[in-house]
Amino acid sequence: MTRTSNAPIIHGIKATLVVVALAFAFAATTSTAWASQEDGLENSWRYSDGELIGASDDDGAFDVGEVSGLTAQSTSPDLVKFGIDVSHHQKTIDWAQAKSRVRYAIVRCGWGRNTSAQDDRQWANNIRGVRQNDIPFGVYIYSYATNATEARDEAQHVLRQLREQGITYEELSLPIYLDMEDNSTNGLSRSTYAEIVDAFRNELQSNGYWEVGVYASCSWWADNLSEIDMGSDWMWIARYYSSKYYTPGQDGYSTTPFGGKFSSLASNGCGIWQYSSMAQLPGIPGNTTDVNVADLNMRFLQGNYASGTMFRLYNPNSGEHFYTASQHEAEFLTLAGWNWEDKGWVAPTSGSAVYRLYNPNGGDHHYTLSAEEKNHLVSLGWRYEGVGWYSAGESGVPLYRQYNPNAKSGSHNFTTSTSERDSLVKLGWRDEGIAWYAKAK
């Protein structure tokens, strides 16, 4: 066939040249790190080819209950909100079990560029789990970005994942974090890191996700990220200690985040501290779970609790149920290993006093409206701890009291639930009637 015009050939050559030019232009803004991330094998101060460093030579896996000494240096239990961050490295999590210890979770959606091949393999399962178990959550992405263009693409990766799961800004309890740790992104100028963070944050905020933070090690924050304009609530800092306990000044960064005591995370430069990657937790396979503590005063984690809310906790070692009007005290006990059972009831701000007592021999607490019973227990060696809360009148919601004759400690249970009361009675507990009254609903 004979062509009558060479115009289509010329147009085709022009189109090809345009494509090649665009490819070179993209390549000019695309790093080696960006081009070699498909396998998702992290390499950083924590990982070598996707394997956690130190899993074999750490001083042993430990239960989070062992870190109650974290606040020993402090007179204020602000550092008490315990949570985890998870990815497909934790495999399939039983979130119903994990809930007994986990107060929040930060879930990885993926790594690097915006392609489904780099979505975290447990992302959908983990989001389903935290939702079904009412666990507050945030999101993070493992970054390979070395410039603003790549950072914007990573933000689009997060946005696609959020939209696919129907996660609105209002549903998030914590920020969206950019995880900055991969070795392939190290060695940039401080101004470049600031541009990366700004591009990532601006892309998310322009799409209605306003709370954006950064995760990095303490040394990264000190050496690389000092030019980032970011408030402490949005700073998530990793710093591990082989002894499992923090000593002020141990990190060597006295003039940067974590100088001094941890009486308040925010006052020391961050909202969340990741203190280990070697925890064992119920419902999570293995012993390589990242664990964190957050400043309770972070507005993201305040919780929607009405005034007078009574918090209920359970000690799996002694069998004691514990009740307190103090959210700080409740959160502190979860860090010490108690199971969080959320809200027990709502107490009035005035009325008849409910006395709180502690048995130093048995290690458990007792609560009563009766001044006579209080005085009798004090005569037997119990410590009076003051008025715990108040009881409403008989128009309020009754709190039922049950007694376990077989228990050596934690022998009493208090509940507004008649079904819980009846179940315990069937198991041999004694129904002791109404203990006091909660605020009417």
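Residues numbered from 1 in each chain as written. Predicted model: local features only at pLDDT ≥ 70, side-chain atom pairs only at ≥ 80, totals over all residues. Heavy atoms only, no water.

Caption draft 1: Broad picture of the overall build of the protein. Along the protein, the regular secondary structure elements total ten helices and 20 strands. Within the protein, the proportion of its 441 residues that are buried is 50%. Taking contacts inside the protein between residues at least 6 apart in sequence as the whole, the part at least 24 apart equals 68%. Of the accessible surface of the protein, which amounts to about 19600 Å², a share of 49% is contributed by carbon and sulfur atoms. (Helix = DSSP H or I, 4+ residues; strand = E, 2+ residues; numbered from the N terminus. Buried < 20%, exposed > 50% of the residue type's maximum accessible area, 1.4 Å probe, protein only. Contact = heavy atoms within 4.5 Å. Areas by Shrake-Rupley, 256 points an atom, 1.4 Å probe, with all protein chains shown as cover.)

Caption draft 2: Spotlight on the packing of helix H4 (residues 123-132) against helix H5 (residues 148-165). Between H4 and H5, whose axes approach to 11 Å, the crossing angle comes to 55°. Here H5 runs oblique to H4, going by the angle between their axes. Two packed elements cross with a definite hand, and for H4 against H5 that hand is right-handed. Two secondary-structure elements touch here, H4 through Trp-123, Ala-124, Ile-127 and Arg-131 and H5 through Gln-161, Leu-162 and Gln-165. (Axes fitted to C-alpha atoms, helices over the stretch in contact; angles between N-to-C directions. Parallel < 35°, antiparallel > 145°, perpendicular 65-115°, else oblique. Left-handed = near helix turned anticlockwise from the far one by under 90°.)

Caption draft 3: Region of the structure containing the side chain of Asn-147. Relative to the assigned elements, Asn-147 resides in the loop between strand E6 (137-142) and H5. For Asn-147, the side chain forms a polar contact with the main-chain nitrogen of Thr-149, separated by 3.1 Å. (Polar contact = N/O pair within 3.5 Å; in protein donor to acceptor, adjacent residues only side chain to side chain.)

Caption draft 4: Focus on unusual backbone geometry. Notably, Asp-134 is not glycine yet its phi reads approximately 55°, a positive angle. Of note, Asp-134 is situated in the loop between H4 and E6. Given the relative accessible area of 63%, Asp-134 is considered exposed. Of note in the backbone geometry, Asp-342 takes a positive phi value of approximately 65° without being a glycine. Locating Asp-342 in the fold gives a position in strand E14 (residues 339-346).

Caption draft 5: Highlighting the pairing of strand E16 (residues 365-368). Going residue by residue along E16, you find His-365 and Tyr-367 tucked away on one face and His-366 and Thr-368 tucked away on the opposite face as well. Here four bridges tie strand E15 (residues 352-358) to E16, and the two strands are oriented antiparallel to one another. Bridging across to E16, Arg-356 finds its partner in Tyr-367. Hairpin connection between E15 and E16: a loop of six residues separates the two successive antiparallel strands, and Gly-363 in this loop has a positive phi of roughly 80°. (Pairing = 2+ DSSP bridges.)

Caption draft 6: Here's a closer look at H4. Here H4 has its buried residues at Trp-123, Asn-126, Ile-127, Gly-129 and Val-130. Taken around the axis of H4, the buried residues stretch over an arc of 160°, which confines them to a single face. Residue Asp-134 follows H4 closely and has a positive phi angle near 55°. (Arc of directions from axis to C-beta.)

Caption draft 7: Highlighting the sheet that holds strand E13 (residues 321-324). Taken together, three strands build an open sheet; the order of strands is E13-E12-E14 and the sheet is antiparallel. In this open sheet, the two edge strands, each paired with only one partner strand, are E13 and E14. Strand after strand, the sheet turns through a mean of 25° between neighbouring axes, direction not considered.

Caption draft 8: View of a nonpolar patch on the surface. A grouping of Val-378, Tyr-384, Val-387 and Tyr-390 is seen on the molecular surface, where their side chains present a nonpolar patch of about 310 Å² in accessible area. By the element assignment, Tyr-384 lies in strand E17 (residues 383-391). Accessibility expressed as a relative area gives 38% for Tyr-384, which makes it partly exposed. (Patch = residues over 30% accessible without salt bridge, like charges linked within 9 Å, V, L, I, M, F, W, Y side chains within 5 Å. Salt bridge = Lys/Arg side-chain N within 4 Å of Asp/Glu carboxyl O.)

Caption draft 9: Main features of the sheet that holds E16. Reading across the sheet, the three strands line up as E16-E15-E17 and stay open at both edges, with antiparallel pairing between neighbours. Both edges of this open sheet fall to E16 and E17, since each of them pairs with a single strand only. Shown here is a sheet whose adjacent strand axes are inclined to one another by a mean of 25°, direction ignored. Alignment of E15 against E17, held across six bridges, turns out to be antiparallel. In the sheet register, Ser-352 faces E17, and the bridge partner there is Ser-391. Each of E15, E16 and E17 touches helix H9 (residues 371-379); the most contacted strand, E15, lies at about 15° to it.

Caption draft 10: Expanded view of the packing of aromatic side chains. Enumeration according to the criterion identifies 17 aromatic pairs in this entry. Ring centres of Tyr-215 and Trp-236 lie 4.7 Å apart, and the angle between their planes is 70°; on these two criteria the pair is classed as edge-to-face. A residue pair is termed long-range when its members are at least 10 positions apart, and Tyr-215 in strand E8 (residues 212-217) and Trp-236 in strand E9 (residues 235-238) qualify at 21 residues. Ring geometry for Tyr-323 versus Phe-414: centroids 5.7 Å apart, planes at 85°, classification edge-to-face. Here Phe-414 lies in strand E19 (residues 412-415) and Tyr-323 lies in strand E13, a separation of 91 residues in the sequence. Residue Tyr-323 shares its accessibility class with Phe-414, and that shared class is buried. Pairwise contacts between aromatic rings join Tyr-323, Trp-345, Tyr-367, Trp-389, Phe-414 and Trp-436 into one cluster. The lysine or arginine in question, Lys-374, covers the ring of Tyr-355, its NZ or CZ lying 4.6 Å from the ring centre. (Phe/Tyr/Trp six-rings, centres within 6.5 Å; stacked < 30°, edge-to-face > 60°. Lys NZ or Arg CZ within 6 Å of the ring centre and 35° of its normal.)

Caption draft 11: Structural view of the side chain of Glu-150. Relative to the assigned elements, Glu-150 resides in helix H5. One buried charged residue, Glu-150, forms no salt bridge at all, with the nearest opposite charge on Arg-113 at 7.6 Å. At 2.7 Å, the side chain of Glu-150 forms a polar contact with the backbone nitrogen of Thr-146. (Lys, Arg positive; Asp, Glu negative; His and termini not counted.)

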